[in-house]
Amino acid sequence: VLHITTLDNGTVHVTMMDVGTLTAVPDDAWDLPTPCEDWTVRDLVQHVIDTQGLFESMVGRPVDPGPADDLVAAYDLATGTVLDHLRDPETAATPYESPIFGATTFEAMVDGFLSFDFVVHGWDLAHAVGADDTIEDRDIAWVRGRTDELGDLMRTSGQIGTEVAVGPEASETERLVAFLGRRP
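The following refers to the structure shown. Not measured: the values here are computed from a predicted model.

1. Points about the overall build of the protein
A tally of helices and strands in the protein yields eight helices and four strands. The helix and strand sequence of the protein, counted from the amino end, reads β-β-α-α-α-α-β-β-α-α-α-α. Taken over C-alpha atoms, the radius of gyration comes to 16 Å for the protein, in line with the 16 Å a tight globule of 184 residues would show. Seen along its three principal axes, the alpha-carbon backbone of the protein occupies a region of about 45 × 40 × 30 Å. Expressed as a percentage of its 184 residues, the buried residues of the protein come to 47%. In the protein, 60% of the contacts between residues at least 6 apart in sequence involve partners at least 24 apart. For the protein, the accessible area works out to roughly 9100 Å², and carbon and sulfur atoms hold 52% of it. In the protein, which carries 10 positive and 34 negative side-chain charges, the distance between the mean positions of the two groups comes to 6 Å.

Here you go:
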């Protein structure tokens, strides 16, 4: 199940993929397809690792890519690096000039994008490997709030797909992922 970690300062909303799901991926499941078109489980996890490195590099801090043959260890390394930088008020406040959002900080970009990515790709991973893919209500509310805040930008930029219709019996998780363009 996905979870939220709020740091001591209370201003950062960091959602991590469930490490239990990640470590439980069977050896023969890494090449399974995911709800992300054209991505296998391996591709999805590598994307999550790479995206963390991308956000670190946007503020001039490259991340050690970790071992290429051990995605769980590489994920732990990338996530640990991001969390360490969020726990330090100085590195969390590193300025960044976003071409979309203007002047912002590392902390704000992690909060606004990586947290979203972790919730959505956490579901993608769990769904692909047949694990519990239920998203917690607080994460659903947060993701919906973020998509409402950004409006059409997320769809026009390709970050989320066209909404998929679901029936009235759909769970809150199914409604959210369908809203994001995934088939529950």
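2. Here's the deal with unusual backbone geometry
Generally, phi is negative for residues other than glycine and the peptide bonds are trans, each holding for most cases. You will see that aspartate 38, though not glycine, has its phi angle at about 70°, which is positive. Mapped onto the elements of the fold, aspartate 38 is located in the loop between α1 (19-23) and α2 (41-57).

3. As for the packing of aromatic side chains
In total, this model carries two aromatic pairs according to the counting rule given. Relative to phenylalanine 113, the ring of phenylalanine 55 has its centre 5.2 Å away and its plane inclined at 20°; by these criteria the two rings are stacked. Taken together, the residues phenylalanine 55 in helix α2 and phenylalanine 113 in helix α5 (residues 106-129) connect sequence positions 58 residues apart. Plain terms: the ring middles of tyrosine 75 and phenylalanine 118 are 6.3 Å apart, the flat faces sit at 85° to each other, and that makes the pair edge-to-face. Residue tyrosine 75 is found in helix α3 (residues 71-87), and its partner phenylalanine 118 is found in helix α5; the two are separated by 43 residues along the sequence. By relative accessible area, phenylalanine 118 is classed as buried at 3%.

4. Comments concerning the pairing of strand β3 (residues 95-98)
Only one face of β3 is covered, namely the face carrying Tyr96 and Ser98; the face carrying Pro95 and Glu97 is uncovered. Between β3 and strand β4 (residues 102-105), which pair antiparallel in sequence order, lie three residues.

5. Side note on helix α8 (residues 172-179)
Of the positions making up α8, those classed as buried are Thr173, Leu176, Val177, Ala178 and Phe179. The secondary structure elements touched by the buried residues of α8 are α5, α6 (137-150) and α7 (153-156). Glycine 181 occupies a position one or two residues after α8 and carries a positive phi of about 95°.

6. Points about α3
Residue pairs spaced three or four apart in an α-helix point in one direction, given the helix's 3.6 residues per turn. With 17 residues, α3 should reach 24 Å at 1.5 Å per residue; the first-to-last C-alpha distance of 24 Å fits that figure. For α3, the complete set of buried residues consists of Leu71, Val72, Ala74, Tyr75, Ala78, Thr79, Thr81, Val82, Leu83, His85 and Leu86.

About the criteria used
Residues numbered from 1 in each chain as written. Predicted model: local features only at pLDDT ≥ 70, side-chain atom pairs only at ≥ 80, totals over all residues. Heavy atoms only, no water. Helix = DSSP H or I, 4+ residues; strand = E, 2+ residues; numbered from the N terminus. Rg over C-alpha atoms; globule rule 2.2 N^0.38 Å. Buried < 20%, exposed > 50% of the residue type's maximum accessible area, 1.4 Å probe, protein only. Contact = heavy atoms within 4.5 Å. Areas by Shrake-Rupley, 256 points an atom, 1.4 Å probe, with all protein chains shown as cover. Lys, Arg positive; Asp, Glu negative; His and termini not counted. Charge placed at Lys NZ, Arg CZ, Asp CG, Glu CD. Phe/Tyr/Trp six-rings, centres within 6.5 Å; stacked < 30°, edge-to-face > 60°. Pairing = 2+ DSSP bridges. Expected span 1.5 Å × (residues − 1).

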